[in-house]
Structures are given as structure tokens and as C-alpha cells.
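Chain by chain, the residues run as shown.
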Amino acid sequence: MNFDDTPQEAAFRTEAKAWIQANAPKQYEEELRKSSLGRTVLKGANILEVAKAWQKKKADAGWACLHWPKEYGGRGASPIERVIWQQEEGPFGKLSGMFIIGHGMCGPTMMAYAGEEQKRKYLPPLASGEKIWCQLFSEPAGGSDVAGLRTRAEKKGDDWIINGQKIWTSGAHYSDYGILLTRTDPNVPKHKGLTMFFLDMKSPGVEVRPIKQASGQSDFNEVYFTDVKIPDSQRLGAVNDGWNVSLTTLMNERMSIGAGVSTGFPELFEFCNSLMLEDGPAIEDRSVRSRLANYAVKASGLRYTSMRAISALSKGERPGPENSIGKLVAGSMVQEVAMYALDLQGAAGVLSGPEDAEVAGKFQAMLLRAPGTRVEGGTDEIMRNIIAERVLGLPGDIRVDKDVPFNQIPTKGRT
Amino acid sequence: MNFDFSDEQKQMRDAARKFLTEKCPPKAVREVLDGKAPYDKELWKGLAEMGFLGVAIPEQFGGAGAGHLELCVIAEEMGRANAPVPFSSTVYLAAEALLLAGSDAQKQKWLPKIASGEAIGTLALFEGKGNPSPKAIKLQASGGTLNGVKKPVPDGAIADFAIVAARTGSTGRDSDISLFLVDLKAGGIEAKPLTSIDPTRGQAELTFTKAKAEPLGAAGEGWSILTQVLDRAAVLLAFEQVGGSDRALEMGRDYALDRIAFGRPIGSFQAVKHMLADMYVSATLARSNCYYGAWALSTNASELPEAAAAARISATQAFQHCSKNNIQVHGGMGFTWEFDCHMYYRRANATALTLGSLSYWEDQLIDRMRKKNAA
Ligand SMILES: Cc1cc2nc3c(=O)[nH]c(=O)nc-3n(C[C@H](O)[C@H](O)[C@H](O)COP(=O)(O)OP(=O)(O)OC[C@H]3O[C@@H](n4cnc5c(N)ncnc54)[C@H](O)[C@@H]3O)c2cc1C
């Protein structure tokens, strides 16, 4: 058991550090350091452009998507090297937010199912951030129950014709491509009639409508498909095998979300360290210390759990369902942390304007974004099901629609 | 980086588990629980023969000289088996104090006896209610003798020797405290067993009347040594707690698969599934914090104080959480004497208090994090 870099790792770290030092957009470092879940603003700059420029620079020098093979725009690095990079990239890593879905989910799915020529064509610009990808899975009829989706794909000659609607699609408004799960056979049970594609988001018939979120921001969208044409060559996996293909995506999603999600603890600790309450510094208050300690051991527990996962990965083990723990714990923790930070501010905690609120309204922004964190990529309840069923081996939920042809499943809450 | 135990260490864990499954079934734990014996002597002997008691004791002092990572994997198995032996007091507290501060002669005298199972040791720190604090220590040392009362002392009624924290000054500073080594079989000590929430680990009151004592470590250094001993013991005990958490989770899972209600295994009800998932989560977070503690302990890293407090808090929470919900999963059965659930519930709540309570360690953690932050 050790945390020391091997000579090889140490060399990699030195090289990474030097390159970041010489190339990172330093002018934004302070703002990025201060930003938190729900609030990343760069004054006088378009964050999308800054992020894309940084990603491109990394790609050109061989620092993008480190763990991907070189021929697809990566570096063929080890999982440990990837972690070392993240440690060294520090606050600049926050610029990768809009690439997470593409790099974490769409890329791996393409790698597993696209043809060689397609991989060489689509993956490098995805790695370099020149092209952004989105994940078109959820629908009004199927979120947790992804396989309940209704968007149809019908074969016409060498093409598929898509009609239907997706929802909650993060980044669809600035995405160039997407992976799309559709129903190709409604006459068989729901999991058996799905097929996966990737498509150009600029295709005729694709319409993206931003949704205003509870947080007030608009990061996700509704996406409508009207007679959208996708060539059969853009199918991922076999016809009607889309469910298995999507499992690859979702497993990778859990891994990438679980590893990266913030807990809010460092922010809270820093805040309590400087906050004065009526009878002295907050950090000297007994109840504050108790709360802080509880959050501290959750945050460190998560950190070391992911280090254990990385150690296992580096020995050749595959990421398993136990990685659901990261998102499950961090999701509700960030929400609690935000609420507690506001509680400590008393009546003024209600104010969220950067000028009036403590630490520029960081916790207020976190509070308003947090509910989404507990839903996106699988709700807390779904994460618990995964742990209970796939880690602990408990029986699956009773699924009354499992063997029923999709077109005979009731669609309303009451039947 | 390699954040895992080595294959050899895992083999040692397997060996310990196999040994304990055989020699320490719940039936054996119950012998002690029911008051038929103060501890399991046979098991204690067996542990010595396996080399587990001296695993972290250097070879020159009769141990195996393996190290603390090895001790951690054994501690986990001791917790998993709920072993009714004075392992934590002897190995984590007494032996660690000797290793840290003992003279060569003291080490030569006691460590081989610990390794061979001939001597049981303990730490006599508390004097009534409260958490570790120099102020709370009233027991007086003067002229090489001790006078005063210690309670609760873990395994105090069966111990052969004790490391005793005593007051040697009156400046009001930490340096008023010194440590002493006392042969409990010599005169001047009265040991009275006390009843506790976990009879599988005895507690006692020790009354010292002109009891002969030799200093352990330099005079006035007692508190600083104690703090280090408690940190080391916190990591080791946390591994026991993680072992216990895992076992409680496993028992709950097995029962949930077995018990049928409303025509289904109760493990198919989401309320039960999610309770078990949450038990898994707390046990996993604790295990990861413990691994970090193990690393800090085995390398004597400057991170040890913080890592120890985090491991201790996390493992205390996990064991309490898993053992109480294990009973809930078992329903009425879980509340019977016949089922083993309560043994883990007892042990969880007793270990939560033995090195200072949860709130004490919370306080310690934040202090230590602050210091690091300021540095
Ligand atoms: C910020 C954000 C970004 C997102 N980005 C994307 C994206 O880019 N692409 C995409 O495809 N999707 C995206 N989603 C959608 C997300 O994956 C779904 O919202 C999520 O899976 C939940 O589905 P739902 O909204 O339909 O809720 P529902 O499935 O209707 O759930 C409602 C409630 O029922 C509970 N529930 C449902 N099924 C079960 C069950 N079996 N057991 C117990 N409880 C259950 C849920 O936990 C929840 O509390 C995003 C969502 C959010 C909030």
C-alpha cells in the first residue's frame, strides 16, 4: 500500500506539471478556483470558447483523453496517469464540464461499437473538443425506465427514419453529434426492441428547444425528431440490441460521473474556517465541528474509494457496479452541504446576489443546482437498486412489463 | 500508487479468517457473553500459535516482525468474528505503548510475553465519565508508587500489566502527565470486574494503593505518547469495526434473501434493499478511510493523526449503522438473544466508546485539519 509515484509516474507528473504551467489559461485560474457546482462564470469571456481552446491545446500536445488509444486522439495512458493529470490540472479541469458526456459516455460507446474508419474519423475531434457530443436517451416516457422510450426508428432502404422526442438532453444546444437510443420493434418486450445510433445534430428534422431548469439556467433541452434520416452505417451494435449497447454507455457514465462529482466539502471547510458567528469563529463551535467532521469523513471516504477503484483498474479489473457509490453519496452530500452553509448564514443566507451573499453566492448556486445532481445519470433510488441488486445480489424489482410486448404496456400512472 | 493490500497480506487475511471461522464460531463468543468465562483462553492460545499476537512486534522481541499493515488485516478479521479476547487492549494499546516509549528492558520483558500469549496488557486511562484529557487524570504518582482509581479499564480484570496515565505535576499543562508500567499481579492493586453493554470485552475498575510502578517513557511526556498510542489504536480498532460492519451487512443480506413475507423474499422489497445498500455505502466509505489510516500507520506518515481520526469516525459510524440495521432487517428475530445480531450491536456500541467517544474524535479531526490548513 503506497501513494508514492513510481519513477515512471513521477516522470509523467513532472512532464504534465511543466506543460500545464507553460500552457494553461492562467488568467482564469482564480475564477475557476472559486467556481463551484452550479456557478462557473468567467468575466468577459465565453466559457464554451475558453474550454474548447484549452481542450484543443491539450489535444495538440497529446494531453487530451489520456486513456484513449493514440489513434483515436488519446495518449494510451494508464488509469493512474489519468489521475495524476487530473491532480496537476487542478482548477483548469473544471473547463472539461461540457465534454464529460462525450468523453465519458459517447466516446467509449463509439469505441466499442463503431467501425474502424468511423472511429478514426469521429473520435479525434471529440477528444480535442472541436466537436461536442450529447447523449439522447431520456424521454418523457422513459428516464429511470430508459427502455420505456418511444422514439421510433424505421428502416427505409439503407437509411433509418427517426420520429419522436427526447428530453433532458444536456448540451444538445451546442452539440455537433449525439448517440441516440430508439425503438425499432414495438411488438417485443421493451428491452428487446431498441437500437442505438449516432447522428449529426445538424441533420434536417432535428429541433433543439432549451428548457429552463429549476436552477434558472438552461443546460438541458428537449430534442424533437421529425423524419430525421440516419444511414444504417451509423448504427451502433445489432438491430434490436440497443439495450446492451446502452449498458456500456451507462456503466461508463457511472464511472466518469462518480469519479468527478464534487461533494462541496472543501468549500464548506474553507467557509467555516473564516466565518464568524455571534459567539466566535464558526470552526470553534461544537455543533459546527461535528457536522464538519461528518462531511469530512464522507468526502475522504469517497476520495479513497475512488483511489481503490483506480488501483483495481490499473491491475486490469473492470469498473463494476460498486462505482455507483460515488454519485449516490456525493449527490445528496452536496445538497446537504449547501443547505448547511446557508443555515450558518442565518437570515442573510437567503440572499443569492454575488455582492450580498457570502463567498459570492457559491452555496446558494450549489443549493439550486444540487437537486439535478441527484437525478442526472440515474436517481438515488436507481443507484441504490444497482448496489442492492448487482453488488449485494438481492432480487431484482418486480417488473410487471418485462415480458409484455412494448405496445401493450399501459402508459398512464393509473390503468 | 497502489492503494490496496498486497497479495501476501490478503493471504494472511484469508488465513486469519479461516482460523477464526473454525476456532471462534458464534457459539464460542456466547460462552463469554453468557459469563461462563472472562475471555476465550483457547482462542487466545491459538492466536499466539498462529503468530497473530506478535505480528507487528519486531523479531528481536519475540514477534513476527511483519508490520502494521499485516496487523490491520488481522484486526479486521478479529472484528468480523467478534472475537471475545483481549486483543485490542493488549495488542493495540499496551504493545503499541511499549513499542513507542518502552525502554529496552521493558520491551524485552513484556513484548515476548505478549507475542506468546503469556501476558495480557491494557491501558488504564479513564477515571469515570469523559473523554481523553490531561485534566481528567487525577491518579497520583509519587516516589515510584501510584494512588488512585481507574475506570473503565478494558480487560482490566484479566490483564497482567497495565500502562497507567498518572499525574506527576501541577502546572496545568499537558506535561503534568506521565506514563507508568505496572505489574498488576504485584501488590497494591485491586481489580473489580464491571458489567458493561458488551460482556465479550470485559471492563474493570482498578484501585491503586501504593502500587509499585516504573516510568514508561520520559517524565512529562505521558500525554504526547498517549496521543500517539490512541491514534495508532484508533486505526487498528477501526479495522475491527469495519470487519464487524461487513459481517453485519452480510448477515442482513443473507437473511433478506432467506426470509419470505407477503409471498416474496424480504430482500425484494425496496425499503429493505435500500437499507442494505446504505449499509454497504457506509461500510465501504469506512473501509476506504481505514486503508488510508493503514497506510499512514505503516509509514508513520505525518498524516497519521488526521487519517486516524477519519478512520475512527467513519468506522464507528459504519459499525453502528450496519449493526443496528441488521437487527431491523431481521425483524423480531433480530431482537432475540438466540440470534447473533445483538452481539454485533453490542460490540459496535462498546467500541464506539472505548478510545473516546465519537464526538471526541470529531473534535480531534477538525483540530487536526485546521492545523494542517494553517501550516
Ligand atoms: C441535470 C440533468 C441532466 C440530464 N442530462 C441528460 C442527458 O444528457 N441525456 C439523457 O439522456 N438524460 C439526461 N438526464 C435525464 C436523467 O437521466 C433522468 O432525469 C433520470 O434518469 C430520471 O428519469 P426521470 O426524470 O424520467 O424520472 P422518473 O424515472 O420519472 O423518476 C421519478 C421518481 O421515481 C423514482 N423511480 C423511478 N423508477 C424507480 C424504481 N425502479 N425504483 C425506485 N424509484 C424509482 C425516481 O427515483 C424518482 O424519484 C438529465 C437529467 C438532469 C436532471
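Starting afresh in each chain, residues are numbered from 1 along the sequence in its written order. Whichever chain is written first is A, and whichever ligand is written first is 1; the rest continue in order. Selection of residues for local features in this predicted model requires a pLDDT of at least 70, selection of side-chain atom pairs for listing and counting requires 80 or more, and totals for whole chains, interfaces and linings are taken over all residues. Excluded from the side-chain calculation are hydrogens and water; included are all heavy atoms of the structure.

Scanning chain A from terminus to terminus reveals twelve helices and ten strands. Principal-axis analysis of the C-alpha atoms gives chain A an extent of 75 × 55 × 45 Å. A simple rule labels every residue: compare its accessible area, found with a 1.4 Å probe on the protein chains alone, to the largest value its type can have, and call it buried under 20%, exposed over 50%, or partly exposed in between. Burial analysis of chain A (415 residues in total) assigns 51% to the buried set. Throughout, a contact is declared for two residues whenever any of their heavy atoms are within 4.5 Å. Summarising the internal contacts of chain A: among those between residues at least 6 apart in sequence, 72% fall at separations of at least 24. With residues, only the protein chains shown are counted as cover, and all accessible areas are computed by Shrake-Rupley using a 1.4 Å probe. When the accessible surface of chain A is split by element, carbon and sulfur atoms take 51% of a total near 18900 Å². In this tally, Lys and Arg are treated as positive and Asp and Glu as negative; His is ignored, and so are the chain termini. A charged residue contributes its charge at one atom only: NZ of Lys, CZ of Arg, CG of Asp or CD of Glu. Separation between the mean location of the 51 positive side-chain charges and that of the 51 negative ones in chain A comes to 3 Å. Under the scheme used here, helices are H or I runs from DSSP no shorter than 4 residues and strands are E runs no shorter than 2 residues, and both carry numbers assigned from the N terminus.

The next thing to look at is the packing of helix α9 (residues 286–314) of chain A against helix α9 (residues 304–334) of chain B. Helix axes are fitted to C-alpha atoms over the stretch in contact, other axes to C-alpha atoms as well, and angles between N-to-C directions run from 0 to 180 degrees. At a minimum axis separation of 9 Å, α9(A) and α9(B) run at an interaxial angle of 95 degrees. As summarised for this structure, α9(A) and α9(B) are arranged roughly perpendicular, according to the angle between their axes. From α9(A), Ala293(A), Asn294(A), Val297(A) and Ser300(A) reach across to α9(B), where they touch Ala310(B), Ile313(B), Ser314(B) and Gln317(B). Gly counts as polar in this scheme, as do all residues outside two lists: the nonpolar Ala, Val, Leu, Ile, Met, Phe, Trp, Tyr, Cys and Pro, and the charged Asp, Glu, Lys and Arg. Each residue belonging to the contact of α9(A) with α9(B) can be placed in one class, and the counts come to four nonpolar, four polar and no charged. Oblique is the label for any angle not covered by the other classes, which are roughly parallel (under 35 degrees), roughly antiparallel (over 145) and roughly perpendicular (65 to 115).

Much of the literature gives interface size as the accessible area that the parts lose upon coming together. Taken residue by residue, the interface counts 44 residues in chain B and 48 residues in chain A. By buried area we mean the combined loss of accessible area, with a 1.4 Å probe, across both parts when two parts are placed together. Counting the surface lost from both chain B and chain A, the interface buries some 4300 Å², and carbon and sulfur atoms represent 63% of this. Any pair of nitrogen or oxygen atoms within 3.5 Å is treated as a polar contact; in protein, a donor-acceptor pairing is required on top of that, and neighbouring residues in sequence qualify only through side-chain atoms on both sides. Seen at the junction of chain B and chain A, the total is 24 residue pairs in polar contact (both at pLDDT 80 or more). Of the residues forming the side of chain B that touches chain A, the biggest block, 17 residues, is contributed by helix α8 (residues 270–299) of chain B. Here the side of chain B that touches chain A is built from residues that sort into 22 nonpolar, twelve polar and ten charged.

Attention now moves to the site of the ligand. All names here are of chain A. Around the ligand, the surrounding shell holds 21 residues, and the nearest of these are Ser144, Trp168, Ser170, Thr379 and Glu381. Within the side chain of glutamate 381, a nitrogen or oxygen atom sits 2.7 Å from an oxygen atom of the ligand. In isolation the ligand exposes 970 Å². Once the protein is present, 69% of that is buried. Broken down by secondary-structure element, the contributors of at least two residues to the shell around the ligand are β3 (159–170), α11 (362–373) and α12 (380–391). What makes a residue near a molecule or strand is one non-hydrogen atom of that residue sitting within 4 Å of it.

All names here are of chain B. Here serine 178 lies in strand β5 (residues 177–183). Within the local environment of serine 178, its side chain forms a polar contact with the side chain of threonine 168, the two groups lying 2.6 Å apart. Polar contacts involving the side chain of serine 178 include one to the main-chain amide nitrogen of glycine 220, which spans 2.9 Å. If near-sequence neighbours (up to four positions away) are discounted, serine 178 is found in contact with Val164, Ala165, Ala166, Thr168, Ala219, Gly220 and Gly222.

So, on to the confidence of the model for chain B. The predictor's confidence in any single residue is recorded as pLDDT, a number from 0 to 100. Summary statistics for chain B give a mean pLDDT of 97 and a share of 100% for residues scoring 70 or more. Here the prediction assigns the complex a pTM of 0.95, and the interface score ipTM is 0.95.

This brings us to unusual backbone geometry. Across the junction of Lys151(B) and Pro152(B), the peptide omega takes the value 0 degrees, indicating a cis bond. Note on placement: Pro152(B) falls in strand β3 (residues 145–154). One non-glycine residue, Trp168(A), adopts positive backbone phi at about 60 degrees. Its place among the elements puts Trp168(A) in strand β3. The phi torsion at Asp155(B) lies on the positive side, around 55 degrees, for a residue other than glycine. Relative to the helices and strands, Asp155(B) is located in the loop between β3 and β4 (161–167). Residue class for Asp155(B) comes out buried when judged on its relative accessible area of 5%.

Okay, the packing of aromatic side chains next. Geometrically, a pair of aromatic rings is defined through the distance of the ring centres and the angle of the planes. In this scheme Phe, Tyr and Trp rings, the latter by its six-membered ring, pair at centre separations within 6.5 Å, and the angle between planes marks the pair as stacked below 30 degrees, edge-to-face above 60, and tilted otherwise. A complete count under the given rule lists 32 aromatic pairs over all chains for this structure. For the pair Phe5(B) and Phe239(B), a centre-to-centre distance of 6.1 Å together with 70 degrees between the ring planes defines the contact as edge-to-face. Residue Phe5(B) is located in the segment before α1 (7–23), and its partner Phe239(B) is located in helix α7 (residues 222–258); the two are separated by 234 residues in the primary sequence. With a relative accessible area of 1%, Phe5(B) lands in the buried category. Of the aromatic side chains, those joined through ring pairs into one cluster are Phe3(A), Tyr304(A), Phe3(B), Phe5(B), Phe239(B), Tyr291(B), Tyr292(B) and Trp295(B).

On to the nonpolar core, then. By size, the foremost hydrophobic cluster in this structure holds 166 residues, and its most contacted members are Leu47(B), Phe87(B), Leu146(B) and Phe208(B). The greatest single-element share of this core, amounting to 13 residues, is contributed by α7(B). When sequence neighbours within four positions are dropped, the list of residues in contact with Phe208(B) reads Leu139(B), Leu146(B), Asn147(B), Gly148(B), Lys150(B), Val164(B), Val182(B), Leu184(B), Gly188(B) and Ile189(B). Here, the term nonpolar core denotes a set of buried Ala, Val, Leu, Ile, Met, Phe, Trp, Tyr and Cys residues that are joined through side-chain atoms within 4.5 Å. If you look at the next biggest cluster of nonpolar residues, it comprises 27 residues, including Val329(A), Met383(A), Leu249(B) and Leu285(B).

This next bit is on the pattern of salt bridges. All names here are of chain A. Each reported salt bridge corresponds to a side-chain nitrogen of Lys or Arg within 4 Å of a carboxyl oxygen of Asp or Glu. Applying the stated criterion across every chain, the model contains 47 salt bridges over all chains. Where arginine 120 meets glutamate 116, a salt bridge forms, and the shortest distance between an N and an O atom there is 3.0 Å. With arginine 120 and glutamate 116 both in helix α6 (residues 116–127), this residue pair falls four residues apart, about one helical turn. Accessibility expressed as a relative area gives 38% for glutamate 116, which makes it partly exposed. Three or more residues joined by partner-sharing salt bridges are found here, namely Asp5, Arg13, Lys17 and Glu88.

Our next topic: the environment of Thr14(A). Residues and elements named next belong to chain A. Structurally, the position occupied by threonine 14 is in helix α1 (residues 7–23). Judged by its relative accessible area of 52%, threonine 14 is exposed. Between the C-alpha atoms of threonine 14 and glutamine 408, which are 394 residues apart in sequence, the distance is 61 Å.

This part covers the pairing of strand β2 (residues 152–156) of chain A. Strand pairing is assigned whenever DSSP identifies at least 2 bridges connecting the two strands. For β2(A) and β3(A), the ladder comprises five bridges, and the chain directions are antiparallel. Its bridge partner being in β3(A), Lys156(A) is matched across the sheet by Asp159(A).

Residues and elements named next belong to chain B. Topologically, glutamine 106 is positioned in helix α6 (residues 104–116). Residue glutamine 106 is classed as buried on the basis of its relative accessible area of 6%. In terms of polar contacts, glutamine 106 uses its side chain to reach the backbone carbonyl oxygen of proline 215, at 2.8 Å. Leave out the neighbours within four places in its chain, and glutamine 106 touches Leu98, Leu111, Leu181, Glu214, Pro215 and Leu216.

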